Amino acid sequence: KALIPLLKYKKDRTWREGIEKGILNWWKVMKERAMKSAEPINPQRIFWELSPKLPANVILSADSGSTATWFARDLVIEETMMASLSGNLATMGPGVPYAIAAKFAHPTRPVIAMVGDGAMQMNGNSGLITISKYWKEWSDPRLIVLVLNNRDLNMVTWEQRVMEGDPKFDASQVLPDFPYAGYASSLGLLGIKIENPEEIDDAWEMVLNADRPAVLEAVVDPEVPPLPPHITMEQAMHYMKSILKGDPERGRSIVQTFKQKVAEYFPG
């Protein structure tokens, strides 16, 4: 309080205006990237279309991996919301347990967990059993689990390419497919699977207005890159090495990377 009267208003607003302009441009880039076509769905678009639909008092949890990238970049989180992820250790698998804990602590608030298929196979599917047992005790039954089904341990795949110059190693990276939505339905929950970007809007409306917990399984493209804000020469060289070494998805990953960079340099 003693300091505030001594502060002088800075008439030169150049720095602040530059920051504001940069933020507005970044949101344009995010939208442009999210709406780029992919095979079959661009994962960014799932989050981009969710953002304006978020309930004011929602609690969000995100798992580690590329899911955390889209969570951080494409959702506008208001001050009335709560959001958590395992940021420091990048622990894999806490998304669904976080959501269950949040629901027990705040049974009147809607909760959304956003996880990849690797984390879902690790312990998320087991968490659905707990949800099916207790959900009728919650005054607001909405606990939504978004599963990005790309059959790939995606963040590590991209780390191998960009940090080490190694191509995708299918033996360690490719996951078996699993009927996440179908499994949820077998437990008495709502299960919805989408494989087309035109289905995203209706799917979010259904799970956000459901009378029970839901699993929204989205089949997404693993070759959409979680690009850093600034790509170093070393990262670019490693990526080129991974391609030259015969990455099995080099064609698709090159196309998607090109689309994402075009969206950055030429938004709109």
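Residues numbered from 1 in each chain as written. Predicted model: local features only at pLDDT ≥ 70, side-chain atom pairs only at ≥ 80, totals over all residues. Heavy atoms only, no water.

Chemist: I'm lost on the environment of Ser-86 in this one. Help?
Modeler: Within the secondary structure, Ser-86 sits in the loop between strand 2 (82–85) and helix 4 (95–105). Taking the C-alpha atoms as reference points, Ser-86 and Glu-199, separated by 113 residues in sequence, lie 30 Å from one another. Dropping the residues within four chain positions of it, Ser-86 is found in contact with Ala-62, Ser-64, Thr-91, Pro-94 and Tyr-98. For Ser-86, the side chain forms a polar contact with the main-chain nitrogen of Thr-91, separated by 3.1 Å. (Helix = DSSP H or I, 4+ residues; strand = E, 2+ residues; numbered from the N terminus. Contact = heavy atoms within 4.5 Å. Polar contact = N/O pair within 3.5 Å; in protein donor to acceptor, adjacent residues only side chain to side chain.)

Chemist: Sorry if this is basic, but what is going on with the packing of aromatic side chains here?
Modeler: Both the distance between ring centres and the angle between the ring planes are used here to describe each pair of aromatic rings. Tallying each qualifying case throughout the model produces six aromatic pairs. With 6.1 Å between their ring centres and 50° between their planes, Trp-27 and Trp-48 make a pair best called tilted. Highlighted residues: Trp-27 in helix 1 (residues 14–34) and Trp-48 in helix 2 (residues 43–50), separated in sequence by 21 residues. With a relative accessible area of 29%, Trp-27 lands in the partly exposed category. Ring centres of Trp-158 and Tyr-239 lie 6.0 Å apart, and the angle between their planes is 45°; this geometry places the pair in the tilted category. On the criterion of sequence distance, the pair formed by Trp-158 in helix 6 (residues 154–164) and Tyr-239 in helix 10 (residues 233–244) is long-range, its members being 81 residues apart. Comparing Trp-158 with Tyr-239 shows no difference in burial state: the two are buried. Joined through ring pairs, the aromatic side chains of Phe-104, Tyr-134 and Trp-138 make up one cluster. Arg-161 extends its terminal NZ or CZ atom over the ring of Trp-158, reaching a point 4.5 Å from the ring centre. (Phe/Tyr/Trp six-rings, centres within 6.5 Å; stacked < 30°, edge-to-face > 60°. Buried < 20%, exposed > 50% of the residue type's maximum accessible area, 1.4 Å probe, protein only. Lys NZ or Arg CZ within 6 Å of the ring centre and 35° of its normal.)

Chemist: Just checking my understanding: could you explain the side chain of Ser-51 for this structure?
Modeler: Looking at the secondary structure, you find Ser-51 in the loop between helix 2 and strand 1 (59–62). Side-chain polar atoms of Ser-51 contact the backbone nitrogen of Val-76, separated by 2.9 Å. With near-sequence residues (within four places) excluded, Ser-51 lies in contact with Asp-74, Leu-75 and Val-76.

Chemist: Would you mind going over the pattern of salt bridges with me for this structure?
Modeler: A side chain of one charge can pair with a side chain of the opposite charge when the charged atoms of the two come close. According to the stated counting rule, one finds 18 salt bridges in the structure shown. A salt bridge links Asp-201 to Lys-53; the nearest nitrogen and oxygen atoms lie 2.7 Å apart. Here Asp-201 is found in helix 9 (residues 200–208), whereas its partner Lys-53 is found in the loop between helix 2 and strand 1, with 148 residues between them in sequence. For Asp-201, a relative accessible area of 33% gives the class partly exposed. With its nearest N and O atoms 4.0 Å apart, the salt bridge here joins Glu-217 to Lys-193. A residue pair is termed long-range when its members are at least 10 positions apart, and Glu-217 in strand 6 (residues 214–219) and Lys-193 in strand 5 (residues 190–194) qualify at 24 residues. Taking relative accessible area as the criterion, Glu-217 reaches 1% and is therefore assigned buried. (Salt bridge = Lys/Arg side-chain N within 4 Å of Asp/Glu carboxyl O.)

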